[in-house]
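# Understanding the architecture of this molecule
Chain by chain, the residues:
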Amino acid sequence: MDFTFTEEQQAAAEAAKAVFAGDTPDGVPSPALTPGAVAEDFDRALWARLADTDLLSLLLGPEYGGAGLDAIALCLVLRESAKVLARVPLLESSAAADAVQTHGGDELKRDILPRAARGELVLTVAAGGRTGHDPAELAVTAERDGDAWVLEGVQTAVPWAQNADLVLIPAHTGDGRTVLALVPRGHEGTELAEQVSTSGERLGELRLDSVRVRARDVVEAEGAWEWLRNLLATGTCALALGLGEGVLAMTSEYTGKREQFGFPIATFQAVAVQAADRYIDLRAMEATLWQAAWRISTAAGGALPASGDVAVAKIWASDGVRRVVQTAQHLHGGFGADTDYPLHRYHAWAKHLELSLGPAAAYEEALGDLLAAHALS
């Protein structure tokens, strides 16, 4: 496998490093110190900087003000964002906009995409289903009624639901298809109950009671939801990788300075072996991430559908990021639990990413189903 990045992809990563250079995890509100949600809104100042550097429009075509890049470029930017725990809906808004671009109608594209590219319109995706682990497309029904669709159901743990302008909701029809409906925040028939993530960020339980959506605001293309779900899962893997790399770097610095018996604890074999194991985790997370991102970016064939590579990446991301933060806490000793030190924030965010869109076990089951259905020669 050749994971050499193009000049455009590398430029996106460098631009992201420059934007996030002024942000530090110490400035992120701590869930350990804040009862309930840590903030009412995401980081709008950072969102504006991302818009100014065209990082909100990476996946969009030039006709909508975008750079026309691919999922690999987005994952490179997401990787950098997670290192500083950037509090922005970059993954959700980018993925939803790209779903509209790839599968939506012309009128919907003209209305949504230029504003999304400029950061004026914020999108999110309801991908949690009823429980956070069941298929999201089965949590809401969609029935055609003349020139509109009627939605019924509930989606839990919708990220940034209180602040996004539009929520992209998967829903199943009576004939077994899945459609994607764009529903404005506060739309008639919707009810939003507040939930809080382990990271302290606001989530929303979105209930839909006979919600009518114009037909032009519904994406009916076959395979659109599977494509979007794969992009969201791959982006989550990129976030997990960036977070894990940030944590391991922090642990390396700490163990290189912390001394016991007159020596840095990094020189102790037990410490070095544990850190080496976590380094191996990160390299496996990285290799499987780029394999998944390459598959969904190029539509290249393989022994399994692209969702198989995505499942492998998410298994490594979920298990790997958990092991990285747990080892970091162990090697930091009691200092890792100090709320004046940023490691506890990383730990809280890691738990959210581990379970986001389903834990490793859910993807192991999905991978098993794919292997059973596709003979490997």
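Use the structure listed above.
Note on numbering: residues in each chain are counted from 1, in written sequence order. Residue-level local features of this predicted model are given only where pLDDT is at least 70; pairs of side-chain atoms are given and counted only at 80 or more, and the full residue set underlies all totals for whole chains, interfaces and linings. Computation of side-chain values covers all heavy atoms of the structure but excludes hydrogens and water.

### Section: helix α7 (residues 269-298)
Numbering goes from the N terminus for both helices and strands, where a helix is a DSSP run of H or I of at least four residues and a strand is a run of E of at least two. To estimate the expected span of a helix, count its residues, drop one, and scale the result by 1.5 Å. Taking 1.5 Å per residue, 30 residues should reach 44 Å; α7 reaches 43 Å between its end C-alpha atoms and fits that length. At the C-terminal side of α7, A299 shows a positive phi close to 60 degrees.

### Notes on the environment of A313
For A313, the location among the structural elements is in helix α8 (residues 306-332). Spatially, the C-alpha atom of A313 lies 9.7 Å from that of T236, the residues being 77 residues apart in sequence. Any two residues having at least one pair of non-hydrogen atoms within 4.5 Å are treated as being in contact. The residues touching A313, leaving out its near neighbours within four places in the chain, are C237, T288, L289 and A292.

### Section: helix α3 (residues 71-83)
Every α-helix winds through 3.6 residues per turn, so residues three or four apart in the chain are directed the same way. With 13 residues, α3 extends 19 Å between its outermost C-alpha atoms, agreeing within 8% with the 18 Å of an ideal straight helix rising 1.5 Å per residue. Each residue gets one of three labels from its accessible area relative to the maximum for its type: buried under 20%, exposed over 50%, partly exposed in between, using a 1.4 Å probe on protein chains only. Counting buried positions along α3 gives twelve out of 13 residues, so the element sits mostly inside the fold. For α3, the set of buried residues is A71, I72, A73, L74, C75, L76, V77, L78, R79, E80, S81 and A82. On its buried side, α3 packs onto α1 (7-20), α4 (90-103), α6 (224-257), α7 and α9 (343-355). At the N-terminal boundary of α3, the capping side chain belongs to D70, with an oxygen 3.2 Å from the backbone nitrogen of I72. Note on α3: the residue one or two positions beyond its end, L85, has a positive phi of about 55 degrees. Polar contacts here mean pairs of N or O atoms no more than 3.5 Å apart (in protein, one a potential hydrogen donor and the other a potential acceptor; neighbouring residues in sequence count only if both atoms are side-chain atoms).

### Digging into unusual backbone geometry
Backbone geometry at W160 places phi at a positive 55 degrees, although glycine is not the residue there. Within the secondary structure layout, W160 lies in the loop between β3 (148-159) and β4 (166-172). For S210, which is not glycine, the phi dihedral falls at a positive 55 degrees.

### Examining the nonpolar core
By size, the foremost hydrophobic cluster in this structure holds 102 residues, and its most contacted members are F20, L50, L228 and L243. No other element matches α6, which puts 16 residues into this core. If sequence neighbours within four positions are ignored, L50 has contacts with V19, F20, L55, L56 and V88. Here, the term nonpolar core denotes a set of buried Ala, Val, Leu, Ile, Met, Phe, Trp, Tyr and Cys residues that are joined through side-chain atoms within 4.5 Å. Of all hydrophobic cores here, the second largest spans 19 residues; its members include A126, A181, L206 and V211.

### Quick word on the state of the cysteines
In this description, a disulfide is simply a cysteine sulfur pair whose atoms lie within 2.5 Å. In total, this model carries zero disulfides according to the counting rule given. Distance from the sulfur of C237, which forms no disulfide, to the nearest cysteine sulfur (C75) is 8.0 Å. Judged by its relative accessible area of 2%, C237 falls in the buried class.

### Regarding the pairing of strand β7 (residues 202-214)
Should DSSP find at least two bridges between two strands, the strands are regarded as paired. Sheet topology note: the β3/β7 ladder contains nine bridges and is antiparallel. Within the sheet, the bridge partner assigned to W149 lies in β7 and is V213. Alignment of strand β6 (residues 190-196) against β7, held across seven bridges, turns out to be antiparallel. Looking at β7, one finds that E191 is bridged to R207. Where β6 hands over to β7, the hairpin turn is made up of five residues, of which G200 adopts a positive phi near 90 degrees.

### Quick notes on the packing of α1 against α3
For the pair α1 and α3, the least separation of the axes is 9 Å and the interaxial angle reads 25 degrees. Between α1 and α3, the angle falls in the class roughly parallel. Crossing of α1 over α3 shows right-handed handedness. Contacts between α1 and α3 involve Q9, A12, A13, A16, K17 and F20 from the first element and I72, A73, L76, V77, E80 and S81 from the second. Of the residues that constitute the contact of α1 with α3, the class distribution is eight nonpolar, two polar and two charged. Axis definition: a line fitted to C-alpha atoms, limited for helices to the stretch in contact. Angles are taken between N-to-C directions and run from 0 to 180 degrees. Any angle that is under 35 degrees is reported as roughly parallel, and any over 145 degrees as roughly antiparallel; angles of 65 to 115 degrees are reported as roughly perpendicular and all others as oblique. Helix crossings get a hand from a simple test, with the near helix turned counterclockwise from the far one by less than a right angle marking a left-handed crossing and a clockwise turn marking a right-handed one. By the convention adopted, Pro, Cys, Tyr, Trp, Phe, Met, Ile, Leu, Val and Ala count as nonpolar, Lys, Arg, Asp and Glu as charged, and the other residues, Gly among them, as polar.

### Comments concerning the pattern of salt bridges
One side-chain nitrogen of Lys or Arg within 4 Å of one carboxyl oxygen of Asp or Glu is enough to make a salt bridge. All told, the structure shown has 32 salt bridges when counted by the stated rule. Residue R202 is joined to E194 by a salt bridge in which the shortest nitrogen-to-oxygen separation is 2.8 Å. A relative accessible area of 45% places E194 in the partly exposed class. A salt bridge links R207 to E205; its shortest N-O distance comes to 3.3 Å. Taking the relative accessible area as the measure of exposure, R207 reaches 41% and is therefore partly exposed. Three or more residues joined by partner-sharing salt bridges are found here, namely R79, E80, K83, E245, R283 and E286.

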